[in-house]
Amino acid sequence: MGSVHEEVMQDYRRILMIKPSSLGDIVHALPTLAALRRHWPQAHITWLVKRQWAGIVERAEGVDRVWPVNGGLTGWLSQVPALRAAAFDLVVDLQGLFRSAAMAWLTGCSTRIGFANGREGSPLFYSIRVPVPTPEMHAVDRSLLTAAALGAPVWPVPPARFRIPVEDREAVGQLLQRHGLASGNDWIAMNVSARWPTKRWPLERFAAVADELQREGAGRIVLIGGPGERIDADALKALMRTSPIDLTGQTDPGLLPALLEAAALLITNDSGPLHVAAAVGTPVVAMFGPTSPIRTGPYGTGHAVLTHAVPCRPCFSRICRNQVPLECLIGIAPHQVLAAVRERVPVRRAHATP
């Protein structure tokens, strides 16, 4: 097995990136894609991704082919013959788990790069292992270590870019119009769910913020999220005194860049949409509890990350063991969120919602 100090091939023609999930992690990998594309402009770059996220990767600038894979071991193994036939000369595993690393090895490619501290024994499958100097670095910068190890310049950091089709922007405009939001009107996206229960700011506080912003004319609140987040959206609406626009479950993941590009701002827990918003230049106000914004906060400037200091945070746990449940989140007050939003979105009281 090799190391980053070994001489590596300098002219890659067929590159496979493996980053199958999840939404935020995929967005974090976009600057690495851009660095590889910038250094090897003639290379053909393929991205292996879980089918549910293929629409996002299809809109990533710099990808030549999206290779969707179904979930489960059978879905992954069924792709091996075709991946071997593709004759890649470089495989970059940015997932760092047993399955992704084994898939890199099964392609038959001799140059396979991944993180030296990858989990589940994944480094055993790499020919080049990239040291990660500290866990306290952003996921974007961690991902870029692989490009740097291959000789691709990573400074300045290549931006994460989506190529948003005109059709996507038209579809978003039509969707908003069907819900009564005229073209040109300011609106604020709100994402109230998260995969971990410990990442969820209380719904009653989201409701208070949404009501106040609509009353004072900062813009209509538009709820976003996947079909599985319908329960949270309905619970939020039951707590509100004003009426938001609810798009929960009405957009495919591939439409998220166009949707969030059109928003004035996103208010959110620590979840995938915040990274899409940051990538398309939309300001983010995010509440972080058990996780670290140093590692997975919105990348770039103009964003606000709100936290509440308690001795146990960040714990990176899906289960809260603190004596005061979710103290790291409930310590964030609605007035703090409102202040962060007001710094970034002008208030037009003439258009306030009664």
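The structure we're discussing is the one just above.
The structure reproduced in this document is the subject of the present report. (Residues numbered from 1 in each chain as written. Predicted model: local features only at pLDDT ≥ 70, side-chain atom pairs only at ≥ 80, totals over all residues. Heavy atoms only, no water.)

A count of helices and strands for the protein gives 15 helices and 12 strands. Expected size for 354 residues packed as a compact globule is a radius of gyration near 20 Å; at 21 Å, the protein falls within 12% of this value. Considering only C-alpha atoms, the protein reaches an extent of 65 × 50 × 40 Å along its principal axes. Burial statistics for the protein: of 354 residues in total, 53% are counted as buried. (Helix = DSSP H or I, 4+ residues; strand = E, 2+ residues; numbered from the N terminus. Rg over C-alpha atoms; globule rule 2.2 N^0.38 Å. Buried < 20%, exposed > 50% of the residue type's maximum accessible area, 1.4 Å probe, protein only.)

Quick look at the pattern of salt bridges now. Side chains that differ in sign of charge can pair as their charged atoms come close. Following the criterion strictly, the structure yields 15 salt bridges and no others. As a salt-bridge pair, Arg344 and Glu343 come within 3.3 Å of each other at their nearest N and O atoms. By relative accessible area, which is 65% here, Glu343 ends up exposed. In this structure, a network of salt bridges that share partners links the residues Glu212, Arg215, Glu216 and Arg342. (Salt bridge = Lys/Arg side-chain N within 4 Å of Asp/Glu carboxyl O.)

Right, let's talk about empty space enclosed by the protein for a bit. Scanning the model with the defined rule gives 1 cavity of 30 Å³ or more in all. Roughly 50 Å³ of internal volume is contained in the largest cavity. Among the elements of the structure, strand 7 (187-191) and helix 10 (230-239) are those that each provide at least two residues to the lining of the largest cavity. For the lining of the largest cavity, the element with the most residues is helix 10, which contributes 3 residues. For the lining of the largest cavity, the per-class residue count stands at 6 nonpolar, 3 polar and 2 charged. (1 Å grid on protein atoms, 1.4 Å probe; cavity = no way out; pocket = protein on both sides within 12 Å on 5 of 7 lines; lining within 4 Å. Points joined across faces, edges and corners; volume = space filled by probe spheres on them. Nonpolar A, V, L, I, M, F, W, Y, C, P; charged D, E, K, R; others polar.)

The next point concerns the sheet that holds strand 2 (residues 44-50). Here 6 strands make up an open sheet; going across it, the order is 3-2-1-4-5-6 and the pairing parallel. Strand pairing shows two members of the sheet lacking a second neighbour, strand 3 (65-69) and strand 6 (128-130), which therefore form its edges. If you compare each strand with its neighbour and ignore which way they point, the axes differ by 20° on average. Pairing of strand 4 (residues 90-93) with strand 5 (residues 112-115), which is carried by 2 bridges, proceeds in the parallel orientation. Within strand 5, the residue paired with Val92 across the bridge is Ile113. Each of strand 1 (14-18), strand 2 and strand 4 is contacted by helix 2 (residues 30-39), which is oriented at about 165° to strand 2, the strand it contacts most. (Pairing = 2+ DSSP bridges. Axes fitted to C-alpha atoms, helices over the stretch in contact; angles between N-to-C directions. Contact = heavy atoms within 4.5 Å.)

So, on to the environment of Leu90. Assignment of secondary structure puts Leu90 in strand 4. Between the C-alpha atom of Leu90 and that of Ala182, which follows or precedes it by 92 residues, the distance is 48 Å.

Next up on the list: the sheet that holds strand 8 (residues 220-223). Across the sheet, 6 strands lie side by side as 9-8-7-10-11-12; this open sheet has parallel pairing. Edge positions in the sheet fall to strand 9 (245-246) and strand 12 (304-306), since each has one partner strand and no second. Examined bridge by bridge, strand 10 (residues 265-269) and strand 11 (residues 284-287) share 4 bridges and lie parallel to one another. Bridge pairing links Asn269 to Met287 in strand 11.

This part covers the packing of helix 9 (residues 203-216) against helix 15 (residues 334-342). Relative orientation of the contacting elements helix 9 and helix 15 amounts to 40°, with a least axis distance of 9 Å. Relative to helix 15, the element helix 9 is oriented oblique. Between helix 9 and helix 15 lies a crossing of right-handed hand. On helix 15, the residues touching Arg205, Val209, Glu212, Leu213 and Glu216 of helix 9 are Pro334, Val337, Leu338, Val341 and Arg342. Of the residues assigned to the contact of helix 9 with helix 15, the class counts are 6 nonpolar, no polar and 4 charged. (Parallel < 35°, antiparallel > 145°, perpendicular 65-115°, else oblique. Left-handed = near helix turned anticlockwise from the far one by under 90°.)

A word on the nonpolar core. Grouped together as the largest cluster of nonpolar side chains are 63 residues, with contacts concentrated most on Ile15, Met17, Leu36, Trp47, Val92 and Leu150. Setting aside residues no more than four positions away along its own chain, Trp47 makes contact with Met17, Lys19, Ile26, Ala29, Leu30, Leu33, Val57, Val63, Arg65, Val66 and Trp67. Core analysis: the next-biggest nonpolar cluster, separate from the first, contains 31 residues, Met190, Ala210, Leu329 and Val337 among them. (Core = buried A, V, L, I, M, F, W, Y, C linked by side-chain atoms within 4.5 Å.)

Once that is clear, we can look at the side chain of Asp89. Considering the arrangement of structural elements, one finds Asp89 in the loop between helix 5 (80-85) and strand 4. For the buried Asp89, no salt bridge is present, and the opposite-charge side chain at shortest range is Arg13, 6.6 Å distant. Here Arg13 takes part through its backbone nitrogen, which lies 3.0 Å from a polar atom of the side chain of Asp89. (Lys, Arg positive; Asp, Glu negative; His and termini not counted. Polar contact = N/O pair within 3.5 Å; in protein donor to acceptor, adjacent residues only side chain to side chain.)

Quick look at the pairing of strand 10 now. For strand 10, a buried count of 5 out of 5 residues is recorded, marking the element as mostly surrounded by other parts of the structure. Because side chains alternate across strand 10, one face comprises the buried residues Leu265, Ile267 and Asn269, and the other comprises Leu266 and Thr268, equally buried. Here 4 bridges tie strand 7 to strand 10, and the two strands are oriented parallel to one another. Looking across to strand 10, one finds that Asn191 is bridged to Thr268. At this point the chain moves from strand 10, through helix 12 (residues 272-279), to the parallel strand 11, and the crossover so formed is right-handed. (Right-handed = clockwise from strand over helix to strand, strands pointing away.)

When we look at burial in helix 15, the residues that qualify are Val337, Leu338, Ala340 and Val341. For helix 15, the angular spread of the buried residues around the axis is 160°, confining them to a single face. Buried residues along helix 15 sit in contact with strand 7, helix 9, strand 10, strand 11 and strand 12. (Arc of directions from axis to C-beta.)

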